[in-house]
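Residue strings, one per chain:
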Amino acid sequence: MVRRRGLAAGLTGIHAHRWRHAFAHAWKRAGGDSGDLMLLMGWTSDDMPRHYGASAAAERAQETHLRMGIGDDV
């Protein structure tokens with residue numbers, strides 16, 4: 001369904017796994033809990049939030065570092 005909707009909108013390369021990665025990244029970026037993410041996505045393994053959030057983990061880590069400001073006074 002996701003692929004068909006993407007094609008209908010003139011987009012290519014759209015699939016459920018890409019949506020899952022984007023959703024997990026946005027969820028974690030907003031400070032969402034991994035356990036809640038698991039429940040929403042229907043995952044039973046603790047590895048799944050880590051797997052689907054890994055594609056943007058470095059970006060989130062940099063944002064957190066900037067927000068916390070640790071080491072800015074050095």
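Since the structure is predicted, the reported quantities are computational estimates derived from the model, not experimental observations.

Engineer: Please set out helix α2 (residues 16-29) residue by residue, giving values where relevant.
Structural biologist: Its 14 residues place the ends of α2 20 Å apart at the C-alpha level, agreeing with the 20 Å of an ideal helix rising 1.5 Å per residue. Once α2 finishes, Gly31 follows within two positions and takes phi at roughly 90 degrees, a positive value.

Engineer: So what about the environment of His17? Which residues, and what values?
Structural biologist: Relative to the helices and strands, His17 resides in helix α2. Given the relative accessible area of 47%, His17 is considered partly exposed. Sequence separation of His17 and Gly31 is 14 residues, and the distance between their C-alpha atoms is 21 Å.

Engineer: Any chance you could break down the packing of α2 against helix α3 (residues 34-41) for me, citing the residues and the numbers?
Structural biologist: Packed helix pairs are specified by the crossing angle of their axes together with the interaxial distance, meaning the distance between the axes. Between α2 and α3, the shortest axis-to-axis distance is 10 Å and the interhelical angle comes to 150 degrees. It follows that α2 is roughly antiparallel to α3 by the angle criterion. As for how α2 packs across α3, the hand of that crossing is right-handed. Across from Trp19, Arg20, Phe23, Ala24, Trp27 and Lys28 in α2, the residues of α3 making contact are Ser34, Asp36, Leu37, Leu40 and Met41. Its residues placed into classes, the contact of α2 with α3 shows 7 nonpolar, 1 polar and 3 charged.

Conventions and cut-offs
- Residues numbered from 1 in each chain as written.
- Predicted model: local features only at pLDDT ≥ 70, side-chain atom pairs only at ≥ 80, totals over all residues.
- Heavy atoms only, no water.
- Helix = DSSP H or I, 4+ residues; strand = E, 2+ residues; numbered from the N terminus.
- Expected span 1.5 Å × (residues − 1).
- Buried < 20%, exposed > 50% of the residue type's maximum accessible area, 1.4 Å probe, protein only.
- Axes fitted to C-alpha atoms, helices over the stretch in contact; angles between N-to-C directions.
- Parallel < 35°, antiparallel > 145°, perpendicular 65-115°, else oblique.
- Left-handed = near helix turned anticlockwise from the far one by under 90°.
- Contact = heavy atoms within 4.5 Å.
- Nonpolar A, V, L, I, M, F, W, Y, C, P; charged D, E, K, R; others polar.

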